[in-house]
Amino acid sequence: MTSDSPTPPRSDASHGTLPANGLTYKDAGVDIDAGDALVKRIAPLAKATARRGADAALGGFGGLFDLKALGMTDPILVSGTDGVGTKLEIALAAGIHDGIGQDLVAMCVNDVLAQGAEPLFFLDYFACGKLDLDVATAVISGIARACKEAGCALIGGETAEMPGMYSEGKYDLAGFTVGAVERDKVLPKLETMRPGDVLVALPSSGPHSNGYSLIRKVVAVSGLSWEAASPFSEGQTLGQALLTPTTLYPAAALPAIRADLVKGLAHITGGGLTDNIPRMLPKHLVPALDEQAWTLPPVFQWLQETGGIAAGEMARTFNCGIGLVASVAPENVPALLDLWLELGQDPIVLGEVRAA
């Protein structure tokens with residue numbers, strides 16, 4: 001039987017009265033229209049990241065990439081995934097969202113660089129309780145800018161609005177990248193490494209995206225607010241200074257890889273200097289760092305002094321100002337230093353490789 005009259009409200013003792021026309025997804029907290037509006041906002045941003053092999057079009061069920069367009073002879077695919085950890089808590093508390101997208105991209109693309117791979121494409125996952133279009137646009141704009149700088153295409157992603165899963169105003173991020181490297185360029189080249197190889201590093205922009213649970217503890221001990229003047233950098237609030245985005249290393253690392261100037265690369269992430277440099281070395285070799293080779297940047301000095309953090313704890317938690325470390329044959333060190341200086345980098349001869 002059909003009727004033109006609206007269905008009368010139904011009463012349920014345990015759930016109350018239903019709307020006259022029944023429940024909608026929006027009644028449950030999910031706004032499909034807001035999601036569609038976000039896609040319209042970010043589509044031009046993604047298109048701007050187009051590169052050979054991808055046109056960065058959004059809207060399909062999957063992102064496409066044409067491997068043949070790379071022109072590689074014997075490519076190996078390398079994948080990486082990561083998030084930005086509790087650095088998000090500072091972004092949320094300070095209301096600063098435009099740099100956290102770069103953190104997400106950098107944590108992924110820098111990892112695949114350590115295998116010698118050129119980042120090809122990136123996908124993001126943005127999850128929240130209620131979609132705030134301005135916040136989501138700021139975050140994804142940062143992702144797109146970082147993808148363009150890293151030379152990888154933003155070919156897709158997922159925005160998930162999950163009321164009840166996240167409290168109001170909260171969101172989470174994850175990312176995934178795929179790169180490619182010619183088989184004979186895969187890093188590390190363990191069989192070529194010898195005692196006496198030199199460790200050459202590129203500096204970090206700050207803590208990057210690691211150790212932020214300890215950073216937040218130090219800030220709590222200091223009694224400073226995120227809006228307070230930064231005690232270690234002029235012209236910034238503490239929140240702004242601690243949200244300095246993670247450095248993207250592809251523009252510096254890829255030319256060195258292609259020129260066969262490095263035997264291995266270590267991205268200094270969780271585990272700090274202590275744990276990450278050995279990951280690129282064979283078991284019979286160990287890194288020996290020259291502690292006089294670089295000065296601990298002001299942000300790390302402040303964290304150490306304010307938190308009373310021991311030197312060993314600093315080295316296993318933070319990058320301590322070092323973002324990427326290369327293992328280099330002694331005869332190739334001058335060429336690598338010249339290359340990185342020409343590219344506007346500030347390389348540091350960090351130490352050497354020794355027998356275990």
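Residues numbered from 1 in each chain as written. Predicted model: local features only at pLDDT ≥ 70, side-chain atom pairs only at ≥ 80, totals over all residues. Heavy atoms only, no water.

K.L.:
Looking at this model, I keep getting lost on the sheet that holds strand β9 (residues 285–289). Mind explaining?
P.N.:
Through backbone hydrogen bonds, the strands of a sheet pair up, either in parallel or in antiparallel fashion. One open sheet accounts for five strands, arranged β8-β10-β7-β11-β9; its pairing is antiparallel. The sheet terminates laterally at β8 (264–267) and β9, the two strands that pair on one side only. Strand after strand, the sheet turns through a mean of 30 degrees between neighbouring axes, direction not considered. Where strand β7 (residues 198–203) lies against strand β11 (residues 348–355), four bridges are found, and the strand directions are antiparallel. Directly across from Leu199, in β11, lies its bridge partner Gly351. Against the sheet, helix α11 (residues 333–342) engages β7, β10 (322–328) and β11, with an angle of about 10 degrees to β7. (Pairing = 2+ DSSP bridges. Helix = DSSP H or I, 4+ residues; strand = E, 2+ residues; numbered from the N terminus. Axes fitted to C-alpha atoms, helices over the stretch in contact; angles between N-to-C directions. Contact = heavy atoms within 4.5 Å.)

K.L.:
Would you explain the packing of helix α7 (residues 250–258) against α11 in this entry?
P.N.:
Between α7 and α11, the least distance of the axes is 10 Å, while the angle of their chain directions is 145 degrees. For the crossing formed where α7 meets α11, the hand is right-handed. Only Leu336, Leu339 and Trp340 of α11 make contact with α7, whose side of the interface consists of Ala252, Ala253, Pro255 and Ala256. Looking at side-chain class alone, the contact of α7 with α11 contains seven nonpolar, no polar and no charged residues. (Left-handed = near helix turned anticlockwise from the far one by under 90°. Nonpolar A, V, L, I, M, F, W, Y, C, P; charged D, E, K, R; others polar.)

K.L.:
Honestly, the packing of aromatic side chains in this entry has me stumped. Any pointers?
P.N.:
How two aromatic rings sit relative to each other is given by the distance of their centres and the angle of their planes. As enumerated under the stated definition, the model contains four aromatic pairs in all. Between Phe65 and Phe121 the ring centres are 5.5 Å apart and the planes differ by 40 degrees, which places this aromatic pair in the tilted class. Placement of Phe65 in the loop between α1 (32–47) and β3 (75–82) and of Phe121 in strand β4 (residues 118–128) is noted, with a sequence separation of 56 residues between them. Across this residue pair, the class does not change: Phe65 and Phe121 are buried. (Phe/Tyr/Trp six-rings, centres within 6.5 Å; stacked < 30°, edge-to-face > 60°. Buried < 20%, exposed > 50% of the residue type's maximum accessible area, 1.4 Å probe, protein only.)

K.L.:
Before we go on, may I ask you to explain the confidence of the model for the protein in this structure?
P.N.:
Close inspection of predicted coordinates is inappropriate for parts of the model with low pLDDT. Summary statistics for the protein give a mean pLDDT of 92 and a share of 94% for residues scoring 70 or more. This model gives residues 1–14 a pLDDT under 50, and the stretch forms eight contacts once residues within four places in sequence are excluded. (pLDDT = per-residue confidence, 0-100.)

K.L.:
Any chance you could explain the sheet that holds strand β6 (residues 171–182) here in plain terms?
P.N.:
Pairing within the open sheet is mixed, and its four strands lie in the order β3-β6-β4-β5. Across the chains shown, the open sheet's two edge strands, defined by having one partner strand only, are β3 and β5 (153–161). Within this sheet the neighbouring strands show an average axis-to-axis angle of 15 degrees, counted without direction. Pairing between β4 and β6: 10 bridges, direction antiparallel. Residue Glu118 lies in a different strand from β6, and its bridge partner there is Ala180. Strands in contact with helix α3 (residues 100–113) are β3, β4 and β6; relative to β6, the strand with the most contacts, it is inclined by about 30 degrees.

K.L.:
Is there a simple way to explain the state of the cysteines in this structure?
P.N.:
Note on terminology: a disulfide is the covalent bond linking the sulfur atoms of two cysteines. Taken as a whole, this structure holds zero disulfides when the rule is applied. The structure places no disulfide on Cys152, whose sulfur is separated from the nearest cysteine sulfur, that of Cys147, by 3.9 Å. Residue classification places Cys152 among the buried residues on the basis of a relative accessible area of 0%. (Disulfide = S-S within 2.5 Å.)

K.L.:
Quick question: what am I supposed to make of unusual backbone geometry here?
P.N.:
With the exception of glycine, the majority of residues adopt a negative phi angle, and the majority of peptide bonds are in the trans configuration. Residues Leu187 and Pro188 are joined by a peptide bond in cis, for which omega reads 0 degrees. Structurally, Pro188 can be placed in the loop between β6 and β7. For Asp260, which is not glycine, the phi dihedral falls at a positive 55 degrees. Within the secondary structure layout, Asp260 lies in the loop between α7 and β8. Residue classification places Asp260 among the partly exposed positions, given a relative accessible area of 39%. Although it is not a glycine, Cys320 sits at a positive phi angle of roughly 55 degrees. With respect to the element layout, Cys320 can be found in the loop between α10 (311–317) and β10. Taking the relative accessible area as the measure of exposure, Cys320 reaches 5% and is therefore buried.

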